[in-house]
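# Coordinate analysis (summary)
Chain by chain, the residues run as shown.
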Amino acid sequence: MRSLFRLYPLLLALTLLLVAEPAFAGKRVALVLANSAYQNAPSLPNPVNDGAVIARTLKDAGFDVVDSRHDLPALETRRVLRDFADAARGADIAVVYYAGHGIEVDGANYLIPVDARLERDTDVYDEALSLDRVLVAIEPAKQLRLVILDACRDNPFGKTMKRTIASRGIGRGLAQVEPTSPNTLIAYSAKAGSTAQDGDGSNSPFTIALSKHLTTPGLDVRRAFGFVRDDVLKTTGNKQEPFVYGSLGGEDVPLVPVKAVAAAPSAPVNPQADVRRDYELALQVGNKQAWDAFLAQHPDGFYASLAKLQLDKITAEQTHAAAIEKAKQAEAERERLAAAGAQKDVQAKADADARAAEQARAAAEQAKLKAQQQAAAAASTAPATEAKSTDKGTSLAALTPATSQADMARSVQTELNRVGCFSGSADGNWNTASQRSLSQFNRYAGTNLDVKVASTDALDSIKSKQARVCPLVCQHGYKADGDNCTRIVCGDGFVLNNDNECEKKRGKPANTAKGNDSQQQDRPARQRAQAGAAGGYGAAAGVASGRASGGGQIFCGSTGCRPISRGCHLEYRGGGGPGNDANVEVCN
C-alpha cells in the first residue's frame with residue numbers, strides 16, 4: 001500500500017500529461033497556391049516567394065502532404081483543387097494557402113488565376129475561382145479546415161473591367177465571409193474591405209508573421225493568428241490588420257501537436273540553422289548595412305558567398321543610378337551648348353561625353369540586371385542548395401536560372417500591353433515586335449530606353465505610367481472609344497467609305513455592266529437631240545415627237561420636223577447647223 005502511494009504522484013502526472021496533450025495529431029495535408037506572373041495584369045513580386053516560405057514552414061512542421069504550386073491557369077487550378085479534395089478526404093487537418101490577386105463581386109470572393117482577362121464583371125464567374133470552390137476542396141477534413149488568403153490587394157482589372165449592370169458591386173479587397181461548415185476558419189491578410197501590403201522585402205509582412213507563429217508546437221491556431229495580427233500591425237504602422245472568420249470549440253487546436261515535436265529528436269540537427277536564420281533576416285531587411293552586419297558575424301561559408309552576391313546587387317544598382325544621372329547631365333550639357341551656338345570643337349567634345357555617358361549607363365544596366373538575377377537565384381535556392389553547400393566545389397554561377405531573362409521580358413510585355421503599346425502575347429520572347437512596342441513607348445513617353453533588351457529600367461519606367469501611353473489604333477470599320485475599339489455603324493442610306501466615315505449612298509449608273517454597248521445604244525438619241533438643236537428645235541422636243549409618232553422616225557430639217565416616209569430610215573452624217581442637216585433620210 002505504501003509503495004502504491006509512492007507511485008500515485010507519478011501516475012497522476014502521467015494522467016495529466018495525457019489529458020493535457022493537444023488533440024489533432026492525425027494526418028495533416030496542405031495545398032499552397034501562389035500567383036505572380038499574371039498574363040493580363042501587372043505581375044506581383046512577392047506571392048511566389050511567400051508561397052515558397054509557407055510550403056517550407058509546413059513541411060518543416062511535419063505535414064504529411066504539402067502540395068505547392070505557382071502561376072497556374074484556371075483549368076489547372078481546378079484540377080489541383082479536385083486532387084487535393086481526395087487528399088483531404090482521409091485527413092484530420094486540411095490547409096489551403098493562397099497568395100495572389102483576389103476580387104470581390106456582389107459580396108462573393110474570387111481568386112484570380114494567371115490567365116484571367118476579366119474584360120467585364122460577369123467574366124469572373126467563368127475565369128476566376130470562387131472561395132466556395134476552395135471550401136468544397138477542404139470540406140472532407142474531419143477536425144479542422146483552414147483557408148489562408150494573402151489576396152487582399154487592389155483589383156488590377158478595376159479600371160478596364162466593364163460593368164454589365166451598373167448596380168453590381170465590385171469591392172476593394174475581399175468581402176467578409178462567414179463559413180457555414182463547422183470547425184472552419186478563413187484567415188485574411190487584411191480585414192474585409194481593406195488591402196494588404198507586399199512589404200519592402202521579398203516576402204509580405206503577413207507571410208513573415210505566419211511563418212513565425214502558425215506552426216508553433218502546441219499553440220492553438222486562434223492564438224497563433226492573434227500573434228500574427230500583432231506582428232503585422234506593428235510592422236505596417238497599424239495600416240494592415242489581419243482578420244480571421246469562423247469559429248472553433250473550446251478545445252485548443254494546434255496545427256503542430258507537442259507530441260509531434262517530441263517524436264522528432266531522431267531528425268539530424270542542421271549545424272547551419274543559426275546561420276540560415278541570420279541570412280533570412282538580412283534578406284528581409286535587404287540593405288547594405290544588414291549584409292555588412294551578416295558578413296561581420298559569418299565571414300565564411302556558403303551563406304557568406306550568397307550574402308556577397310546580395311551586396312554585389314546593391315552595388316550594381318547604386319552604380320547604375322549614378323550612371324543614369326551622369327548620362328542625363330551630359331545630355332543636358334550637350335543640348336545647352338548646341339542651343340547657345342558654342343564652337344564646333346566644344347560641341348564635339350560635349351557630344352563625345354554624352355555618348356560615353358550613355359555607353360556607361362547601358363553597361364551599368366547590364367551589370368545591374370546580371371547581379372539582380374544572381375541575387376534572386378541565391379535568395380530562392382539557398383534552402384534547397386544548403387545540403388550541398390558543405391562541398392567546397394559548389395558553383396554559385398549555377399544558381400542563375402535560365403528563365404530570368406524570359407521572366408523579365410514577360411513582365412515588360414505585360415506592362416507594355418497595359419499602357420497600350422503592345423498587342424501580342426506576353427510569352428517572354430523579346431522579338432522584333434516587342435522591340436517595336438518599346439520603341440513606341442519611348443516615342444510617346446519621352447523616354448530613351450534600350451529597346452534591344454527587356455530591362456528593369458524599362459519595367460520601372462512603364463510601371464510608373466498609370467494610364468494609356470500609346471494612342472489607340474483601330475482597324476478599318478472601327479473607331480476609338482476610350483481604351484477600346486468599337487464597330488462603326490452607319491444609318492440607313494449611308495455607307496462606310498475608305499476614310500472610315502459614313503457617306504450617303506450614290507445611285508448606280510444604268511447598264512454599267514455593258515460598258516461601251518450602252519453608249520452605242522444611246523447614240524441615236526444623242527443624234528436626234530443634236531439634229532433638233534441644228535434645226536432650231538430643242539432636243540427634248542425632237543425626242544418627244546419621235547415617241548409620239550407611233551413607230552416611225554422623225555426627220556427634222558430647216559423647214560421643220562415630219563415623220564419619215566415608209567420604207568425609209570435616217571442616217572447620221574455629222575455636222576448640223578444652218579444648211580447642213582445632221583441626219584439624212586435614205587429610202588430603199
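So, here is what we can say about the structure in this document. (Residues numbered from 1 in each chain as written. Predicted model: local features only at pLDDT ≥ 70, side-chain atom pairs only at ≥ 80, totals over all residues. Heavy atoms only, no water.)

## Section: the packing of helix α10 (residues 288–297) against helix α11 (residues 302–340)
The contact between α10 and α11 brings their axes to 10 Å, and the two run at 155°. On the basis of the axis angle, α10 is roughly antiparallel to α11. Every pair of crossing elements has a handedness; the one defined by α10 and α11 is left-handed. When α10 is examined against α11, the residues Lys 288, Trp 291, Asp 292, Phe 294 and Leu 295 are found in contact with a partner set consisting of Tyr 303, Ala 304, Ala 307, Lys 308, Gln 310, Leu 311 and Ile 314. (Axes fitted to C-alpha atoms, helices over the stretch in contact; angles between N-to-C directions. Helix = DSSP H or I, 4+ residues; strand = E, 2+ residues; numbered from the N terminus. Parallel < 35°, antiparallel > 145°, perpendicular 65-115°, else oblique. Left-handed = near helix turned anticlockwise from the far one by under 90°. Contact = heavy atoms within 4.5 Å.)

## Overview of the side chain of Gln 240
Among the secondary structure elements, Gln 240 is positioned in the loop between α7 (221–235) and β9 (243–247). In this structure the side chain of Gln 240 is engaged in a polar contact, spanning 2.8 Å, whose partner is the backbone oxygen of Ser 189. (Polar contact = N/O pair within 3.5 Å; in protein donor to acceptor, adjacent residues only side chain to side chain.)

## Comments concerning the packing of aromatic side chains
Summed over all chains, the structure comprises eight aromatic pairs. Ring geometry for Tyr 279 against Tyr 303: centres 5.1 Å apart, planes inclined by 50°, an arrangement best described as tilted. You can see Tyr 279 sitting in helix α9 (residues 273–285) and its partner Tyr 303 sitting in helix α11, a full 24 residues away along the chain. Each member of the pair, Tyr 279 as well as Tyr 303, is classed as buried. Pairwise contacts between aromatic rings join Tyr 279, Trp 291, Phe 294, Phe 302 and Tyr 303 into one cluster. (Phe/Tyr/Trp six-rings, centres within 6.5 Å; stacked < 30°, edge-to-face > 60°. Buried < 20%, exposed > 50% of the residue type's maximum accessible area, 1.4 Å probe, protein only.)

## A closer look at the packing of helix α3 (residues 74–88) against helix α5 (residues 131–138)
Put simply, α3 and α5 touch, their axes get as near as 7 Å, and they point 30° apart. The pairing of α3 with α5 is recorded here as roughly parallel in orientation. Residues Arg 78, Leu 81, Arg 82, Phe 84, Ala 85 and Ala 88 of α3 pack against Arg 133, Val 134, Ala 137 and Ile 138 of α5.

## Some thoughts on the sheet that holds strand β4 (residues 102–105)
Taken in spatial order, the three strands make up an open sheet running β4-β5-β6, and their pairing is antiparallel. Of all the strands in the sheet, just β4 and β6 (129–130) have a single pairing partner and so form its edges. Where β4 lies against strand β5 (residues 108–111), four bridges are found, and the strand directions are antiparallel. Counted as the bridge partner of Gly 102 is Leu 111 from β5. (Pairing = 2+ DSSP bridges.)

## Some thoughts on the nonpolar core
General note: in soluble globular proteins, nonpolar side chains tend to be found buried as a group. One finds Leu 131, Val 147, Leu 149, Ile 186 and Tyr 188 to be the most contacted residues of the largest nonpolar core, which totals 43 residues. Of all hydrophobic cores here, the second largest spans 29 residues; its members include Ala 55, Tyr 97, Leu 185 and Leu 255. (Core = buried A, V, L, I, M, F, W, Y, C linked by side-chain atoms within 4.5 Å.)

## Comments concerning the state of the cysteines
In total, this model carries two disulfides according to the counting rule given. The side chain of Cys 421 participates in a disulfide bridge whose partner is Cys 470; the two sulfur atoms lie 1.9 Å from each other. Every disulfide takes its handedness from the sign of the S-S torsion; for Cys 421 and Cys 470 that torsion is 95°, giving right-handed. One end of the pair, Cys 421, is in the loop between α13 (404–418) and α14 (432–445); the other, Cys 470, is in the loop between α15 (456–463) and β10 (478–481), with 49 residues separating them in the sequence. Residue Cys 421 shares its accessibility class with Cys 470, and that shared class is buried. Bridging Cys 490 to Cys 502, the disulfide has an S-S length of 2.0 Å. Negative torsions about the S-S bond denote left-handed disulfides, and the value of about -85° found for Cys 490 with Cys 502 makes this one left-handed. Taken as a pair, Cys 490 in the loop between β11 (484–487) and β12 (494–496) and Cys 502 in strand β13 (residues 502–504) lie far apart in primary sequence, 12 residues in all. Residue classification places Cys 490 among the partly exposed positions, given a relative accessible area of 21%. (Disulfide = S-S within 2.5 Å.)

## Some words on unusual backbone geometry
One non-glycine residue, Asp 71, lies in the positive phi region at around 55°. The phi torsion at Leu 118 lies on the positive side, around 50°, for a residue other than glycine. Within the secondary structure, Leu 118 sits in the loop between β5 and α4 (124–127). What makes Leu 118 buried here is its relative accessible area of 0%.

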